[in-house]
Amino acid sequence: MKVQLVTLIAACLLPTALSEGSSAVWCYNLPSCNSTTWPIDIPEHCSGTKQSPVNIVTANIQGDASLVAFNFAGFDDSSAVLQIQNADGKSVKVSLDDSKVNVSGGGLPGVYVSEQFHIHWGNGSSSAGSEHTVDGKQYAMELHIVNIKSIYPNVTAALADPTGLAVLGFFIEATSDSGKPQSWKNLTSYLSSIPNNGNTLDIMNTITLNSLLQGVDKTKYYRYNGSLTTPSCNEGVVWTVFKDTIKVSQDLINLFSTTLYINTKSGPLITNNFRPVQKLNNRVIKSQVSSASTLYPALSISTALLIYTLSWL
Ligand SMILES: *[C@@H]1O[C@H](CO)[C@@H](O)[C@H](O)[C@H]1NC(C)=O
Ligand SMILES: *[C@@H]1O[C@H](CO)[C@@H](O)[C@H](O)[C@H]1NC(C)=O
Ligand SMILES: *[C@@H]1O[C@H](CO)[C@@H](O)[C@H](O)[C@H]1NC(C)=O
Ligand SMILES: *[C@@H]1O[C@H](CO)[C@@H](O)[C@H](O)[C@H]1NC(C)=O
Ligand SMILES: *[C@@H]1O[C@H](CO)[C@@H](O)[C@H](O)[C@H]1NC(C)=O
Ligand SMILES: *[C@@H]1O[C@H](CO)[C@@H](O)[C@H](O)[C@H]1NC(C)=O
Ligand SMILES: [Zn+2]
């Protein structure tokens, strides 16, 4: 029980809790515990049929009129962004004040309070590290904002609901600028203060979520039902993956794979902390209904032809 609770608080990551449970040690970097071993060592969920991440095949997207705009509360509030940490040598995690930050709308069944965000990356410019891919394309990094349905007193309770968690995923794409944008320059400037496993730094009142997400049209996104992308891979996540990317200069992206260590500076750096894509199986990925795909099927063929013909005039 305790193991699951702590794992879910970290949502996409948090191995400390699991390491208490002997056989459930997992990692990204060693053959003995990398993601190919998770379905064997942690079979309850990691071997399921609704796992994440997945490759998003845009040709197979289904339009869904319920995927309206979100309401984002607290995304401009720098007092709600609390602490940055080297999260167990697996990622960098920033904790949020869940009484101030929450998400609703967006076709989600209720209000979800925001607990934290964390990032997945590859190895600088030599390899990409997003978890989701789009038509096979992997981006440089992926940021996940982890949210819990607000009707639940704790994550253990949220676990029993297949839509108990909502994760917002944002792709980060490299640009050839340097030190851009300022929000990411600020965020990455804290990394050198948390090189070792477990290091933390208070960053309250220095950064907002919206400044990190700049350039993204948050009304355009993909939606599917999946899982946590780290053990114990629970299948209780409503996934939102935004179509637009956050543009961050390559020099700042490089800091993630060159500044943070799995244990301490005498050991390996955190690199390639992403899970490869999983089988979609019988799931469908949905998105906003485009005008083309809604309008024409709804009309008779002759009317559609007329509109088509008129559009040439
Ligand atoms: C995990 O380790 C195995 C064995 O070395 C290797 O074949 C596989 O590519 C690794 N997987 C990942 C995702 O690193
Ligand atoms: C959502 O956040 C706002 C402040 O940003 C707060 O007033 C509201 O009570 C929160 N809602 C929930 C359900 O936590
Ligand atoms: C990451 O890239 C650096 C420099 O390109 C290289 O030296 C290192 O071996 C790479 N690390 C991994 C784990 O591939
Ligand atoms: C979580 O909430 C449920 C439902 O209210 C309760 O039964 C359970 O004891 C709580 N668990 C923890 C760990 O707080
Ligand atoms: C970056 O940090 C500086 C100094 O703390 C602050 O004044 C500025 O508002 C921050 N900018 C962004 C976009 O976060
Ligand atoms: C996800 O599952 C819920 C029920 O658990 C269902 O109502 C919803 O339509 C599913 N969403 C997608 C995108 O398939
Ligand atoms: Zn994640």
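The structure under discussion appears in the preceding block.
One structure accompanies this document, and this report is about it.

Analysis parameters
Residues numbered from 1 in each chain as written. Chains lettered and ligands numbered in written order. Predicted model: local features only at pLDDT ≥ 70, side-chain atom pairs only at ≥ 80, totals over all residues. Heavy atoms only, no water. Helix = DSSP H or I, 4+ residues; strand = E, 2+ residues; numbered from the N terminus. Buried < 20%, exposed > 50% of the residue type's maximum accessible area, 1.4 Å probe, protein only. Contact = heavy atoms within 4.5 Å. Areas by Shrake-Rupley, 256 points an atom, 1.4 Å probe, with all protein chains shown as cover. Near = heavy atom within 4 Å. Polar contact = N/O pair within 3.5 Å; in protein donor to acceptor, adjacent residues only side chain to side chain. Nonpolar A, V, L, I, M, F, W, Y, C, P; charged D, E, K, R; others polar. Disulfide = S-S within 2.5 Å. Donors = N, O, S within 2.8 Å, 3.2 Å for Na, K, Ca; no water. Phe/Tyr/Trp six-rings, centres within 6.5 Å; stacked < 30°, edge-to-face > 60°. Pairing = 2+ DSSP bridges.

## Section: the overall build of the protein
Argument step 1. Secondary structure assignment for the protein yields 10 helices and 15 strands.
Argument step 2. A burial count over the protein gives 48% of its 313 residues as buried.
Argument step 3. Across the protein, contacts joining residues at least 24 apart in sequence account for 73% of those joining residues at least 6 apart.
Argument step 4. For the protein, the exposed area adds up to about 13,200 Å²; of that, 55% sits on carbon and sulfur atoms.

## Brief notes about the site of ligand 1
Argument step 1. Lining the immediate environment of ligand 1, one finds Pro 31, Asn 34, Ser 35, Thr 36 and Pro 276.
Argument step 2. Contact distances for ligand 1 include 2.4 Å between an oxygen atom and a side-chain N or O atom of Asn 34.
Argument step 3. Protein contacts shield 42% of the accessible area of ligand 1, which totals 360 Å² for the unbound molecule.
Argument step 4. A per-class count over the shell around ligand 1 returns two nonpolar, three polar and no charged.

## Things to note about helix 8 (residues 250-259)
Argument step 1. Those residues of helix 8 lying buried are Leu 252, Ile 253, Phe 256, Ser 257 and Thr 259.
Argument step 2. Where helix 8 is buried, its residues contact strand 5 (91-96), strand 7 (112-121), strand 10 (141-149), strand 11 (165-175), helix 6 (182-189) and strand 14 (237-249).

## Side note on the state of the cysteines
Argument step 1. On inspection of all chains with the given rule, the structure shows two disulfides.
Argument step 2. One disulfide in the model links Cys 27 with Cys 33; its S-S distance is 2.2 Å. The chirality of the disulfide connecting Cys 27 with Cys 33 is right-handed, given an S-S dihedral of about 100°. Each of the two residues, Cys 27 as well as Cys 33, counts as buried.
Argument step 3. The disulfide partner of Cys 46 is Cys 233, and the S-S distance across this bridge is 2.0 Å. Its S-S torsion of about 80° marks the bond between Cys 46 and Cys 233 as right-handed, since a negative value means left-handed.

## A look at the coordination of the zinc ion (ligand 7)
Tetrahedral coordination by four donors puts the ideal angle at the metal at 109.5 degrees, and octahedral coordination by six puts it at 90 or 180 degrees.
Argument step 1. Here the zinc ion (ligand 7) is held by His 118 (NE2), His 120 (NE2) and His 144 (ND1), and the distances to it run 2.0 to 2.1 Å.
Argument step 2. Coordination of the zinc ion (ligand 7) draws on donor residues from a single chain, spaced H-x1-H-x23-H in sequence.

## Details of the environment of Lys 218
Argument step 1. Tracing the chain through its elements places Lys 218 in the loop between helix 7 (209-212) and strand 13 (221-226).
Argument step 2. Considering only alpha carbons, one finds Lys 218 and Asn 71, 147 residues apart in sequence, at a separation of 9.9 Å.
Argument step 3. If sequence neighbours within four positions are ignored, Lys 218 has contacts with Phe 70, Phe 72, Phe 170, Asn 210, Leu 213 and Phe 242.
Argument step 4. A polar side-chain atom of Lys 218 sits 3.2 Å from a polar atom in the side chain of Asn 210.

## Describing the packing of aromatic side chains
Argument step 1. Enumeration according to the criterion identifies 13 aromatic pairs in this entry.
Argument step 2. Judged by centre distance (5.2 Å) and plane angle (80°), the rings of Trp 26 and Trp 38 are edge-to-face. On the criterion of sequence distance, the pair formed by Trp 26 in the loop between helix 2 (15-19) and helix 3 (38-41) and Trp 38 in helix 3 is long-range, its members being 12 residues apart. An identical accessibility class is assigned to Trp 26 and Trp 38; each is buried.
Argument step 3. Ring-pair connections join several aromatic residues into one group, and the members of that group are Phe 70, Phe 72, Phe 75, Phe 170, Tyr 221 and Phe 242.

## Comments concerning the pairing of strand 11
Argument step 1. In terms of burial, strand 11 is a largely internal element, eight of the 11 residues being buried.
Argument step 2. The pairing of strand 10 with strand 11 spans eight bridges and is classified as antiparallel. Bridged to Ile 145 within strand 11 is Leu 168.
Argument step 3. Where strand 11 meets strand 14, 10 bridges bridge the pair, whose relative direction is parallel. Bridge pairing in strand 14 links Thr 175 to Ser 249.

## Remarks on the sheet that holds strand 1 (residues 55-56)
Argument step 1. Strand order in the open sheet formed by three strands is 1-8-9, and the pairing between neighbours is mixed. Of all the strands in the sheet, just strand 1 and strand 9 (137-138) have a single pairing partner and so form its edges.
Argument step 2. Across two bridges, the pairing between strand 8 (residues 133-134) and strand 9 is antiparallel. Each residue of the ladder has a partner; that of Thr 133, found in strand 9, is Gln 138.

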